[in-house]
Amino acid sequence: MSRKRKQYSSDFKAKVALAALKGDQTTSEIAARFEIHPTMVSQWKRELLDNATGVFEGKDGKAAQKSQEEIDTLYRESAN
């Protein structure tokens, strides 16, 4: 029998990533405290750092991104 993979909420991931950003504990200590693998701590920290600029984008930034996604979708549909 295969086990179902555990899925973590975005709140939990943010909490772990912020703990890693503080830098007062090692990755291993954080992983032990939250009972997850140390690789996940590093991955979530890196993801938070990579996407941190999106937090401060206004409505215009999100609208522009949505518009570009819609344009890409329409181009794909018209190509078929």
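What you see is a predicted model, and the numbers here were worked out from it, not measured in a lab.

Caption draft 1: Region of the structure containing unusual backbone geometry. Even without glycine at this site, Glu35 takes up a positive phi of about 60 degrees. Within the fold, Glu35 resides in the loop between α2 (27-34) and α3 (38-51). Taking relative accessible area as the criterion, Glu35 reaches 71% and is therefore assigned exposed.

Caption draft 2: Just the environment of Trp44, in detail. By the element assignment, Trp44 lies in helix α3. Expressed as a C-alpha distance, the spacing of Trp44 and Val16, which sit 28 residues apart in the sequence, is 7.5 Å. Excluding residues within four positions of it along the chain, Trp44 makes contact with Tyr8, Phe12, Lys13, Val16, Ala17 and Ile36.

Caption draft 3: Spatial organisation of helix α1 (residues 10-22). In this model, α1 (13 residues) spans 18 Å end to end at C-alpha, consistent with the 18 Å of a helix rising 1.5 Å per residue. Three or more residues of α1 are buried, namely Val16, Ala17, Ala19 and Ala20. Each buried residue of α1 sits inside an arc of 155 degrees when the element is viewed along its axis, so together they form one side. Turned more than 90 degrees away from the buried face of α1, the exposed residues are Ser10, Asp11, Lys15 and Lys22. Residues of α1 that are buried in the fold lie against α2 and α3. Where α1 ends, the next residue or the one after it, Gly23, has phi of about 80 degrees, a positive value.

Definitions and cut-offs
- Residues numbered from 1 in each chain as written.
- Predicted model: local features only at pLDDT ≥ 70, side-chain atom pairs only at ≥ 80, totals over all residues.
- Heavy atoms only, no water.
- Helix = DSSP H or I, 4+ residues; strand = E, 2+ residues; numbered from the N terminus.
- Buried < 20%, exposed > 50% of the residue type's maximum accessible area, 1.4 Å probe, protein only.
- Contact = heavy atoms within 4.5 Å.
- Expected span 1.5 Å × (residues − 1).
- Arc of directions from axis to C-beta.

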